[in-house]
Amino acid sequence: MQSDGLHFEFAVDGENFASAGTASETIKNTLKKLGLPPATVRRTAIAMYEGEINMVIHAGGGTAVVDITPTAIEIELKDEGPGIADIELAMREGYSTAPEEIRMLGFGAGMGLSNMKKYSDEMKIESEVSKGTRVLLKINI
Amino acid sequence: MKIIDIMNATEAEVLTGEDQLELEVYSACASDMMSDVLAFVKEQAVLITGLVNPQVVRTAEMMDMQCIVFVRGKKPDAETLTLAKKKGLVVLASKLRMYTACGLLFSMGLHGGTINAE
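Quick caveat: nothing in here was measured; it's all calculated off a predicted structure.

## Describing the side chain of Ser27(B)
And step 1. Here Ser27(B) shows up in the loop between β1 (13–16) and β2 (28–30).
And step 2. The residues touching Ser27(B), leaving out its near neighbours within four places in the chain, are Glu43(B), Gln44(B), Ala45(B), Val46(B), Leu110(B), His111(B), Gly112(B) and Gly113(B).

Right under this line is the structure:
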C-alpha cells in the first residue's frame, strides 16, 4: 500500500446471500466521492461485485482488500473455498459449476470470472483445489 | 420516456420511488440472470426482471440504473424493497409477463441501448 492511498479490508460473509455486495457498494461510493470517472467507478464496482458473489456462492465467503492509489484500484479477493481445478475452463463464458439453487438466485450463468476480466485492466487468479482461491484485480485510473 | 409512462404501459403499481416517476429514461434491459445484466454494460436505466431478491437491487445499483420493473406479478420482500428505497431506485410491479412488458415498452420507443463490452 502506498502512503498516499486508501486502504480497505472487508470480511465477506458466506452465510448471507442477501448481504453479498456490501463491500463493493462501499468501494463504489468511495470512488464516486473521490470524483473518479463514472465508467471507472462502474467497472470497478462490477468486477468486485462479481468477485464477492463468487466468494459467497462458491467458497463460503472470504476477504476483500482494496487499495486505492492515485493511479489504480487494486482488489484482492481471498477465500478458503474448494479452489478452481481448471482456471482456463472456469474463465470460459457460460461455464459454471454453480448448483441450480444459485441459478434460481440469478447467478451462476458462467459470466462471473469473464466479467471480472472484462471490466478490469489486469486480473490474476491463483487457486489450489481444496485450499482456496486468490484473485487480484487491477483497474487503472 | 418517463418512468410514469412505463408504469402506465405495464399496468404496474409503484412500490417505492413515487417521487421520481417523472424521471426520463432512455433504454432498458431484461433478464432473470443478473450475471448477464452485468455483462452488458452501457447506459440502460431500466431493469425488467422476474427475479426477486436483494441482489437485483445491488445489480441495478452497480449498473447505475434508475428503475426496476418486476414482472409476472412478482413482488420483492421487505428487505429488497428497503434496499431499493435506500438506493433511491424506483420499483414497479407488473402482472405482465416479461415478453409482453418488453414488447410494449419497445414499441413505445424504449429500446435496448448499445451493448458495449467497454
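## A few points about the nonpolar core
And step 1. Grouped together as the largest cluster of nonpolar side chains are 55 residues, with contacts concentrated most on Val66(A) and Phe107(A).
And step 2. In terms of residue count, helix α2 (residues 38–59) of chain A provides more of this core than any other element does, ten residues in total.
And step 3. Setting aside residues up to four positions removed in sequence, Phe107(A) forms contacts with Phe17(A), Tyr49(A), Ile53(A), Ile57(A), Ile102(A), Met33(B), Met34(B), Ser35(B), Leu38(B), Gln55(B) and Thr59(B).
And step 4. Counting 22 residues, the second largest nonpolar core, distinct from the first, contains Ile6(B), Ala9(B), Ala12(B) and Val46(B).

## Considering the interface of chain B and chain A
And step 1. Contacts between the two partners involve 25 residues from chain B, matched on the other side by 30 residues from chain A.
And step 2. Together chain B and chain A conceal approximately 2,300 Å² of surface at their shared face, both sides included; 51% is due to carbon and sulfur atoms.
And step 3. Here Lys28(A) makes a salt bridge to Asp64(B), at a shortest N to O gap of 2.5 Å.
And step 4. There are 18 residue pairs in polar contact (both at pLDDT 80 or more) connecting chain B and chain A.
And step 5. Going through the elements one at a time, α2 (34–39), α3 (54–62) and α4 (78–87) of chain B are the ones with two or more residues in the side of chain B that touches chain A.
And step 6. Among the elements that line the side of chain B that touches chain A, the one with the most residues is α3(B), at six residues.
And step 7. By residue class, the composition of the side of chain B that touches chain A is eleven nonpolar, four polar and ten charged.

## A word on the sheet that holds strand β4 (residues 122–128) of chain A
Where strands meet in a sheet, backbone hydrogen bonds hold them as pairs that are either parallel or antiparallel.
All names here are of chain A.
And step 1. The strand order β1-β2-β3-β5-β4 describes an open sheet built from five strands, whose pairing is antiparallel. Of all the strands in the sheet, the pair left with one neighbour each is β1 (6–13) and β4. For this sheet the average axis-to-axis angle between neighbouring strands, irrespective of direction, equals 10°.
And step 2. With seven bridges connecting them, β4 and strand β5 (residues 132–140) associate as antiparallel partners. Pairing of Lys 124 across the sheet is with Leu 136, part of β5.
And step 3. Contacts from helix α1 (residues 22–33) reach β1, β2 (61–68) and β3 (72–79) within the one sheet, and its direction differs from that of β1 by about 155°.
And step 4. The sheet strands contacting α2 are β1, β2, β3 and β5, and the helix crosses β3 at an angle near 5°.

## Structural notes on α4(B)
And step 1. Of all the residues in α4(B), the buried ones are Thr80(B), Leu83(B), Ala84(B) and Lys87(B). Projected onto a plane normal to the axis of α4(B), the buried residues spread over an arc of 100° and lie on a single side. Of the exposed residues in α4(B), those oriented more than 90 degrees away from the buried face are Ala78(B), Thr82(B), Lys85(B) and Lys86(B).
And step 2. Buried residues along α4(B) sit against α1 of chain A together with β1, α3 and β5 (90–93) of chain B.
And step 3. Of the residues flanking the end of α4(B), it is Gly88(B), one or two places downstream, whose phi is positive at about 75°.

Calculation rules
Residues numbered from 1 in each chain as written. Chains lettered and ligands numbered in written order. Predicted model: local features only at pLDDT ≥ 70, side-chain atom pairs only at ≥ 80, totals over all residues. Heavy atoms only, no water. Helix = DSSP H or I, 4+ residues; strand = E, 2+ residues; numbered from the N terminus. Contact = heavy atoms within 4.5 Å. Core = buried A, V, L, I, M, F, W, Y, C linked by side-chain atoms within 4.5 Å. Buried < 20%, exposed > 50% of the residue type's maximum accessible area, 1.4 Å probe, protein only. Buried area = accessible area lost by both parts, 1.4 Å probe. Salt bridge = Lys/Arg side-chain N within 4 Å of Asp/Glu carboxyl O. Polar contact = N/O pair within 3.5 Å; in protein donor to acceptor, adjacent residues only side chain to side chain. Nonpolar A, V, L, I, M, F, W, Y, C, P; charged D, E, K, R; others polar. Pairing = 2+ DSSP bridges. Axes fitted to C-alpha atoms, helices over the stretch in contact; angles between N-to-C directions. Arc of directions from axis to C-beta.

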